[in-house]
Amino acid sequence: TQLLEQSPQFLSIQEGENLTVYCNSSSVFSSLQWYRQEPGEGPVLLVTVVTGGEVKKLKRLTFQFGDARKDSSLHITAAQPGDTGLYLCAGVDSGSARQLTFGSGTQLTVLP
Amino acid sequence: DAGVTQSPTHLIKTRGQHVTLRCSPISGHKSVSWYQQVLGQGPQFIFQYYEKEERGRGNFPDRFSARQFPNYSSELNVNALLLGDSALYLCASSLGITLNTEAFFGQGTRLTVV
């Protein structure tokens, strides 16, 4: 069974601060996806990283996939209240690539 | 185009009862996956169906079953409900059988077992 450990579980910061969310596993994944989920909604895909060492940027969000494809990080620069939400990492299994293994999520609150 | 639609949005059931949740994928998508998200946790994989056949199953008891219809819509059935089955049930659709392309999630069905 592949597991993803996500940290921190909760994060409350002031507007303008930077933050990093980590996603770690002992397993290798085919690719890793980051989602954001609002209350009462399903997760919405932010980015997919596929290659070990890959870095992708989405405005103020920077996503990195570890060289060994076992871990990933999400860095947000100058956080804004609109960034508030549940951030989930999810690994695509390296076998059949048919299921997502989700981390437990990071609940981010950005205070104005 | 409509996204992934799930029904009902909320449901309250009593222990021991049976429940059926429904999902309509995005038009043209042939793969439907079901996930259970317990409060405070990430979603857990239950099933994947592709072209009306089960292609993957997570670590859930036999009380959980699903099927996919010729129009690619899907139903998730849970028998003999337990309090611990209370969760948000999410349906995701994707174009192909693998998840190396984007999966789109519905808004979920919030099931409460009392």
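Thresholds applied
- Counting from 1, residues in each chain are numbered in the order their sequence is written.
- Just so you know, chain letters begin at A and ligand numbers begin at 1, following the order they were written in.
- Since the coordinates come from a predicted model, pLDDT governs what is reported: local features require at least 70, and pairs of side-chain atoms require 80 or more to be given and counted, while whole-chain, interface and lining totals use all residues.
- Here the side-chain values reflect all heavy atoms present in the structure, with hydrogen atoms and water set aside.
- Numbered from the N terminus, helices here are DSSP runs of H or I no shorter than four residues, and strands are runs of E no shorter than two.
- What the globule rule says is 2.2 Å times the number of residues to the power 0.38, and the radius of gyration is computed from C-alpha atoms.
- Burial here depends on accessible area, computed with a 1.4 Å probe over protein chains only, as a share of the maximum for the residue type. Under 20% is buried, over 50% is exposed, and the range in between is partly exposed.
- Every residue pair with non-hydrogen atoms within 4.5 Å of one another is taken to be in contact.
- In this description, accessible areas are obtained by the Shrake-Rupley approach with a 1.4 Å probe, and a residue is regarded as covered only by the protein chains that are shown.
- Only four residue types enter the tally: Lys and Arg on the positive side, Asp and Glu on the negative side; His and the chain ends are excluded.
- Lysine's charge is taken at NZ, arginine's at CZ, aspartate's at CG and glutamate's at CD.
- Strand pairing follows a simple DSSP-based rule, namely that at least 2 bridges must link the two strands.
- Here, axes are lines fitted to C-alpha atoms. For helices the fit covers the stretch in contact, and angles between N-to-C directions go from 0 to 180 degrees.
- Computed with a 1.4 Å rolling probe, the buried area is the accessible surface lost when two parts are put together, summed over both parts.
- Criterion for a salt bridge: a side-chain nitrogen of Lys or Arg within 4 Å of a carboxyl oxygen of Asp or Glu.
- Two N or O atoms count as a polar contact when they lie within 3.5 Å, although within protein this holds only if one can serve as hydrogen donor and the other as acceptor, and sequence-adjacent residues are included solely when both atoms are side-chain atoms.
- Under the scheme applied, nonpolar residues are Ala, Val, Leu, Ile, Met, Phe, Trp, Tyr, Cys and Pro; charged residues are Asp, Glu, Lys and Arg; polar residues are all the others, including Gly.
- Two cysteine sulfur atoms make up a disulfide if the distance between them is within 2.5 Å.
- For our purposes a nonpolar core is just a set of buried Ala, Val, Leu, Ile, Met, Phe, Trp, Tyr and Cys residues, chained together by side-chain atoms within 4.5 Å.

Here we look at the overall build of chain B
Secondary structure summary: chain B contains zero helices and 11 strands in total. Ordered by position from N to C terminus, the α and β elements of chain B give β-β-β-β-β-β-β-β-β-β-β. A compact globule built from 114 residues would reach a C-alpha radius of gyration of about 13 Å, and chain B, at 13 Å, matches this within 12%. Looking at the 114 residues of chain B, the share that counts as buried comes to 51%. Within chain B, contacts between residues separated by at least 24 positions form 53% of all contacts whose residues are at least 6 apart in sequence. Carbon and sulfur atoms make up 50% of the accessible area of chain B, which amounts to about 5,300 Å² in all. With 10 positive and 8 negative side-chain charges, chain B shows a spacing of 7 Å between the two charge centroids.

Topic: the sheet that holds strand β1 (residues 5–7) of chain A
All names here are of chain A. Taken in spatial order, the five strands line up as β1-β3-β8-β7-β6 in an open sheet, and their pairing is antiparallel. A strand with exactly one partner marks an edge of an open sheet, and here the two such strands are β1 and β6 (55–58). Here the strands of the sheet are splayed against their neighbours by 15° on average, with no regard to which way each runs. Pairing between β6 and strand β7 (residues 61–65): four bridges, direction antiparallel.

Some remarks on the interface of chain A and chain B
Many authors give the size of an interface as the accessible area that is lost as the parts come together. Opposite the 22 residues of chain A that make contact, chain B presents 21 residues. On the chain A side of the interface with chain B, the three residues burying the most area are R98(A), L100(A) and F102(A), jointly 33% of the side's total. If you look at where chain A meets chain B, you find zero salt bridges. On inspection of chain A and its partner chain B, the count reaches three residue pairs in polar contact (both at pLDDT 80 or more). Per-element tally for the side of chain A that touches chain B: the top contributor is strand β4 (residues 29–37) of chain A, with five residues. Per-class residue counts for the side of chain A that touches chain B are nine nonpolar, 11 polar and two charged.

Brief notes about the state of the cysteines
Going through the model one piece at a time under the given rule, you end up with two disulfides over all chains. Linked covalently through their sulfurs, C23(A) and C89(A) form a disulfide whose S-S length is 1.9 Å. With the S-S dihedral at roughly 70°, the linkage between C23(A) and C89(A) falls on the right-handed side. Here C23(A) is found in strand β3 (residues 19–24), whereas its partner C89(A) is found in strand β9 (residues 85–93), with 66 residues between them in sequence. Accessibility assignment for this pair places C23(A) and C89(A) in one class, buried. For C23(B), the disulfide goes to C91(B), at an S-S distance of 1.8 Å. Measuring handedness by torsion sign, the sulfur bridge of C23(B) and C91(B) sits at about -60° and is left-handed. Of the two residues, C23(B) sits in strand β3 (residues 19–24) while C91(B) sits in strand β9 (residues 87–94), which places them 68 residues apart along the sequence.

With respect to the pattern of salt bridges
Scanning the entire structure with this criterion turns up 10 salt bridges over all chains. Two residues, R36(A) and E38(A), come together in a salt bridge whose shortest N-O distance is 2.7 Å. E38(A) gets classed as partly exposed once you look at its relative accessible area, which sits at 32%. The partner of K52(B) in a salt bridge is E51(B), and the shortest N-O contact between them spans 3.7 Å. Using a relative accessible area of 37% as the deciding quantity, one classes K52(B) as partly exposed. Taking the relative accessible area as the measure of exposure, E51(B) reaches 27% and is therefore partly exposed. Because the salt bridges share partners, they merge into one network encompassing R22(B), R67(B) and E75(B).

Section: the nonpolar core
By size, the foremost hydrophobic cluster in this structure holds 22 residues, and its most contacted members are W34(B), I46(B), L76(B) and Y89(B). Only β3, β4 (31–37), β5 (44–50), β7 (64–68), β8 (74–78), β9 and β11 (109–113) of chain B provide two or more residues apiece to this core. Every residue in contact with L76(B), bar those within four places of it in the chain, is listed here: V19(B), T20(B), L21(B), W34(B), I46(B), F47(B), S65(B), A66(B) and Y89(B). Formed by 20 residues, the second largest nonpolar core is a distinct cluster that contains I13(A), C23(A), I76(A) and L108(A).

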